[in-house]
Amino acid sequence: MITEYDLIQFEAPQKTHSYQPVPHLTLINTVKEKLDRHNLKIVNTRYDANTRGAQMFGVYDLNIGGTDTNLNIGFRNSYDKSLPVGMVAGGTVIVCKNLMFKGDIKVLRKHTKGVYNDLDNLIENVISSAVFQFEQLTEDKERMKLKPLNKTQMAELAGRMYVEEKFISPTQMSILADEIRHSENFRENSLWDFYNHTTEALKKSHPAHLIPNHIKAHEFVMQLA
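What counts, and at which threshold
Residues numbered from 1 in each chain as written. Predicted model: local features only at pLDDT ≥ 70, side-chain atom pairs only at ≥ 80, totals over all residues. Heavy atoms only, no water. Helix = DSSP H or I, 4+ residues; strand = E, 2+ residues; numbered from the N terminus. Polar contact = N/O pair within 3.5 Å; in protein donor to acceptor, adjacent residues only side chain to side chain. Contact = heavy atoms within 4.5 Å. Buried < 20%, exposed > 50% of the residue type's maximum accessible area, 1.4 Å probe, protein only. Phe/Tyr/Trp six-rings, centres within 6.5 Å; stacked < 30°, edge-to-face > 60°. Lys NZ or Arg CZ within 6 Å of the ring centre and 35° of its normal. Core = buried A, V, L, I, M, F, W, Y, C linked by side-chain atoms within 4.5 Å.

Further remarks concern the side chain of Asn72. Structurally, Asn72 is set in strand β3 (residues 69-78). A distance of 2.8 Å separates a polar side-chain atom of Asn72 from the backbone oxygen of Gly91. Here the side chain of Asn72 touches Thr92 through a polar contact of 2.8 Å, side chain to side chain. Apart from residues lying up to four places away in sequence, Asn72 is in contact with Val59, Tyr60, Asp61, Leu62, Val88, Ala89, Gly90, Gly91, Thr92, Leu99 and Phe101.

Here it is in structure tokens:
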């Protein structure tokens with residue numbers, strides 16, 4: 001993970017006739033301003049980027065939540081035309097900072113002329129629906145907690161995510177296996193525990209894949225709830 005200062009040191013590419021980059025700082029400031037208008041306070045920030053800053057990911061944990069999860073806003077951007085600006089509302093598990101995302105990433109059209117005209121609407125739409133999305137995640141969480149799952153079943157599901165679904169890398173598979181055996185925070189035999197073993201492993205995702213991988217994991221697990 002990196003700091004906001006680190007992130008804004010990456011210089012945005014030059015604008016061309018067909019390409020209009022969105023500086024990381026512009027996206028960050030616009031998200032913050034919109035959250036403030038909705039009286040949503042940021043209680044924790046996380047950023048990540050590839051080595052050149054061409055692809056970035058950010059998440060803001062907000063001051064709305066329950067005993068074990070907070071509402072969050074996740075967003076991404078790129079300087080190499082690989083990713084359009086994208087945002088999604090989700091949740092953060094307080095004890096371990098694992099992320100929860102479901103549904104679709106709300107995506108701005110590609111970085112072309114007039115992109116700033118749509119940026120405000122994109123952010124507004126995600127933030128306006130954030131509380132409802134968090135309520136849905138909370139319901140999913142409670143369903144997961146009611147589903148028993150032993151370690152043998154967890155191992156079989158981990159194999160499916162790696163071999164069939166292909167959103168778990170070999171490195172993440174090793175982390176996931178270790179979490180199943182020795183997790184400090186999730187030691188019960190439930191689907192919720194397995195979900196958090198998985199999202200702990202997904203912290204090692206590339207910034208470009210972090211949100212999509214979490215959405216895939218949520219969809220996969222909820223088929224079993």
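What follows deals with the side chain of Asp61. Positionally, Asp61 belongs in strand β2 (residues 55-65). Judged by relative accessible area, Asp61 falls into the buried class, the value being 1%. Here Arg46 takes part through its side chain, which lies 3.1 Å from a polar atom of the side chain of Asp61. At a separation of 2.5 Å, a polar atom in the side chain of Asp61 contacts the side chain of Thr92.

So, about the packing of aromatic side chains. For the structure shown, the criterion picks out five aromatic pairs. Aromatic side chains Tyr47 and Tyr60 sit 6.0 Å apart centroid to centroid with 90° between the ring planes, which places their arrangement in the edge-to-face category. Of the two residues, Tyr47 sits in strand β1 (residues 42-49) while Tyr60 sits in strand β2, which places them 13 residues apart along the sequence. With respect to class, Tyr47 is no different from Tyr60; both count as buried. Aromatic side chains Tyr60 and Phe75 sit 5.1 Å apart centroid to centroid with 65° between the ring planes, which places their arrangement in the edge-to-face category. Of this pair, Tyr60 sits in strand β2 while Phe75 sits in strand β3, and the two are 15 residues apart along the sequence. Residue Tyr60 shares its accessibility class with Phe75, and that shared class is buried. One aromatic cluster is present, built from ring pairs that chain together Tyr47, Tyr60 and Phe75. Residue placement shows Lys81 over the ring face of Tyr19; its charged tip is 4.8 Å from the ring centre.

A few words now on the nonpolar core. As a rule of thumb, soluble globular proteins bury nonpolar side chains together. Counting 27 residues, the largest nonpolar core has Leu27, Val31, Leu35, Tyr60, Ile73, Phe75 and Met87 as its most contacted members. For this core, the secondary structure elements donating two or more residues are α2 (24-37), β1, β2, β3, β4 (86-93), α3 (115-128) and α4 (130-145). Ranked by residue count, the leading element in this core is α3, at six residues. In this structure, Cys96, Met154, Leu202 and Met222 belong to the second largest nonpolar core, which totals 25 residues.

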